[in-house]
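If you want the building blocks of each chain, they are given just below.
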Protein chains: 2
Amino acid sequence: MDLDFISKLVKPGKTKIVMLVLDGLGGLPIKEGGLTELETAKTPNLDKLAEKSICGLQIPISDGISPGSGPGHLSFFGYDPIKYQVGRGVLAANGIDFDLKSIDVAARGNFCTVDENGNVLDRRAGRISTDVNQQLCKKLCDNIEIPGVEIFIETIKEHRFLLVIRGEDLSAELYDTDPQAIGKKPHEPKLKKIGFNKTIDIVKSFIDQAGKILSENYPANMVLLRGFSKKPDWPLFPDIFGLKSGAISAYPMYRGLAKLIGMNLLETGQTIEGEFTTLEKNWNDYDFFFLHIKKTDSYGEDGNFYSKVKIIEEVDGLIPRLMNLNPDVIVITGDHSTPSFLKIHSWHPVPTLIYSKYCRPDNVKNFDEKSCITGGLGPRLPAVQIMPIAMANALRLEKFGA
Amino acid sequence: MDLDFISKLVKPGKTKIVMLVLDGLGGLPIKEGGLTELETAKTPNLDKLAEKSICGLQIPISDGISPGSGPGHLSFFGYDPIKYQVGRGVLAANGIDFDLKSIDVAARGNFCTVDENGNVLDRRAGRISTDVNQQLCKKLCDNIEIPGVEIFIETIKEHRFLLVIRGEDLSAELYDTDPQAIGKKPHEPKLKKIGFNKTIDIVKSFIDQAGKILSENYPANMVLLRGFSKKPDWPLFPDIFGLKSGAISAYPMYRGLAKLIGMNLLETGQTIEGEFTTLEKNWNDYDFFFLHIKKTDSYGEDGNFYSKVKIIEEVDGLIPRLMNLNPDVIVITGDHSTPSFLKIHSWHPVPTLIYSKYCRPDNVKNFDEKSCITGGLGPRLPAVQIMPIAMANALRLEKFGA
């Protein structure tokens, strides 16, 4: 799917599209011949909607590939997730609403524990509290000085922080310093390409100073850096599709991603019900809503089959409130599967439903993995194709060719 | 499927993958409304396995394309068969375990019959016996002399031999001399590109000398050459996927192909049962097994519907021995269809099953063409996608992206 191709066909409209994303939606049976989480859940409202919809299973990246959250989302927003890759540093900055400039280099930091020889004992410093993190970030900010650049050090959560270096002619083409293993020293900062850039010296200086300042703060006595990256220069979602777009998510990572592609972040609480209230409150002000449900994934990663089932049922119970808004197009999908049987993001195709008055329903009568196999979207729809189908159903695409 | 992309995601593991290939597996009914060979065969074990597997039909090259054996196999090993093309000469060399060097030019030769004017009467010299072939190859070896290069002439089988020219600065960009028709003279050796390379003179000299030496050996009184080629510089299967790989095949062509992509060739007999015994004997020493069954294709090409059915049933009877080994992932497929109704390799999609504890079974309960259409792999899975799915099911791929 070529963003340039599709954006040339976009025409204005008054129709509204809701993309409801249940993170990690797809699952697996926990015993042979059993049912998945979604097959187990009682979902009368989703099933009723599936009957009026076109259904299928989507593949976020490519067959067999388990997506991270970033690429898993980008794909159903229409961005080829292999072409549009974004670093962890930028995602972290966006997640905490840090106003990243185009000259900035961002990295995701961990406070960690090292022994007297500098070998990593714990990559997460025993998951220190967010309070302690805030104290340490302030201490680093107050004491670190590097000539010629501005340094920002911001708390994310627990052991995680954001490092931003602001200055001219910086490079983000650096390897991680995180050795991803214990018993090893952190890697020295190093460019991915042969050559030299002053960013190397700046990052070395930051690490040296941080090590000295933190030396008395066991277990958080060192830092590890990952995902050096600059704000990408991508086409923005509202521009590509001509949709005023609002994002509803309780979690920083997904807010960050939505902001990165130009969506407005809508204020919302931590509950699913609160997210639906946010949708209702903002209904008149947007053409497109991204409504993100996190806990299907969290419980999947915890291996908690029945709590994942309960979250799906909770969402199902809120579907009538969505229907009352009378959206022109509804997409329901996930960014990947997270089977509680595996406790990780997996490669399994993700159940997907697209509803509109014009969708030409198939024979699928239940919204679940097995039923979706024989749906009109097929069992292997590339997720990047979802937005064009949604746009077509919203009558927001011109005919191609004479 | 990009081999470079996938190989970056590969992680080590202890899981084992078996790829059981029934050559020419797919078929056609011989009368309207009838059953295919696979639908006719009684396959209780394959059906039981299909019920626990994800099933579908795969397309080796592209819709409508009938694959040769080389590309048909390369695709399910993950190699784009249009990008990775290999000459018949190289395949022939590999098939008889000839140790081809990177400077060598290899060609597949036929002993043939020509009349007094040099026109081809029989492209296969009446399929002379392998014994006669060996005598003729020795005679050619003993008498042909071409300055500056080494010449190897090796018996393959019946009328087929291998020619290898070893020397510096040789080109393999030559057209076949085989006119592929009777009543015509063999083609003169000719470069595919405009220009000159000394290989032309060497090949001409070889053909002239061979013609003289063989003149009294009617019906084998001339040679035809095809598929001039050099050993390709491809990434090797065990390196791409991080799998110690063993190939079990009774037939030279498939052994050659497996060797070409870096698999170890395992000693095996000529029977199917013997191939399963080889699998059992080598079970502990490999991560990946390619187990090749030839006769489904041979009987298909002979137009022998019921013998093809019998071979499928014979393989079905050996499935319990495969299951007893408790493989983590099983792939069962073919390199193409060979319907006995057509007696040739055909373009029809090939029934495919992928089993693992994590495969998310679909509704398919029988392993055959019609049942596989509604499987979770869909009716048109590109065969190059099979390895990524198998690797994912073996838990041997990292997540893509943060």
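So, how was this worked out
- Residues numbered from 1 in each chain as written.
- Chains lettered and ligands numbered in written order.
- Predicted model: local features only at pLDDT ≥ 70, side-chain atom pairs only at ≥ 80, totals over all residues.
- Least-squares fit on C-alpha atoms with pLDDT ≥ 70 in both.
- Core = buried A, V, L, I, M, F, W, Y, C linked by C-beta atoms within 7 Å.
- Buried ≥ 20, exposed ≤ 12 C-beta atoms within 10 Å, placed from the backbone.
- Contact = placed C-beta atoms within 7 Å.
- Domains from an automatic or database assignment.
- Helix = DSSP H or I, 4+ residues; strand = E, 2+ residues; numbered from the N terminus.
- Nonpolar A, V, L, I, M, F, W, Y, C, P; charged D, E, K, R; others polar.
- Pairing = 2+ DSSP bridges.

Help me out: how do you make sense of the relation of the copies chain A and chain B in this one?
Relating the two copies of this chain is a rotation about some axis coupled with a shift parallel to it. Laying chain A over chain B is done by rotating through 120° and shifting 0.0 Å along the axis; what remains is an RMSD of 0.2 Å. Both copies are brought into coincidence by an operation consistent with a three-fold rotation axis. Every residue of chain A has its C-alpha some distance from the rotation axis, and the shortest such distance is that of T374(A), at 3.6 Å.

So what exactly am I meant to see when it comes to the nonpolar core here?
A general trend in soluble globular proteins is that nonpolar side chains are found buried together. A106(A), A390(A), A106(B) and A390(B) are the most contacted members of the largest nonpolar core, which totals 236 residues. With residues near it in sequence (within four places) discarded, A106(B) still touches G89(B), V90(B), A92(B), A93(B), L100(B), L162(B), L163(B), V164(B) and S229(B).

Quick question: what am I supposed to make of the domain arrangement of chain A here?
All names here are of chain A. Here the domain parsing of chain A yields domain 1 (3–85 + 235–393) and domain 2 (91–229). In this structure, domain 1 and domain 2 have C-alpha centres spaced 34 Å apart. With eight residues of domain 1 at the interface, the matching set in domain 2 holds four residues. The leading source of residues in the side of domain 1 that touches domain 2 is helix α9 (residues 252–260), at seven residues. Split into classes, the residues belonging to the side of domain 1 that touches domain 2 amount to four nonpolar, two polar and two charged.

What should I look at first to understand the interface of chain A and chain B in this one?
Many authors give the size of an interface as the accessible area that is lost as the parts come together. Across the contact, 28 residues belong to chain A and 18 residues belong to chain B. Among the secondary structure elements, those contributing two or more residues to the side of chain A that touches chain B are α4 (69–76), α5 (88–95), α13 (369–372) and β13 (378–382) of chain A. In terms of residues, the side of chain A that touches chain B owes the most to one element, β13(A), which gives three residues. Looking at the side of chain A that touches chain B residue by residue, the classes come out as eleven nonpolar, eleven polar and six charged.

What exactly am I supposed to notice about the pairing of strand β5 (residues 150–157) of chain A here?
For a regular strand, side chains alternate in direction, first toward one face of the sheet and then toward the other. Residues and elements named next belong to chain A. In the sheet, β5 pairs with strand β6 (residues 160–166) via seven bridges, with the strands oriented antiparallel. Pairing of I151 across the sheet is with I165, part of β6. Following β5, the chain reverses through two residues before pairing antiparallel with β6; E158 in that reversal takes a positive phi of roughly 50°.

Got a minute to help me understand the environment of N324(B) in this structure?
With respect to the element layout, N324(B) can be found in helix α12 (residues 305–324). When the C-alpha atoms of N324(B) and W234(B) are compared, they prove to be 35 Å apart, with 90 residues separating the residues in sequence.

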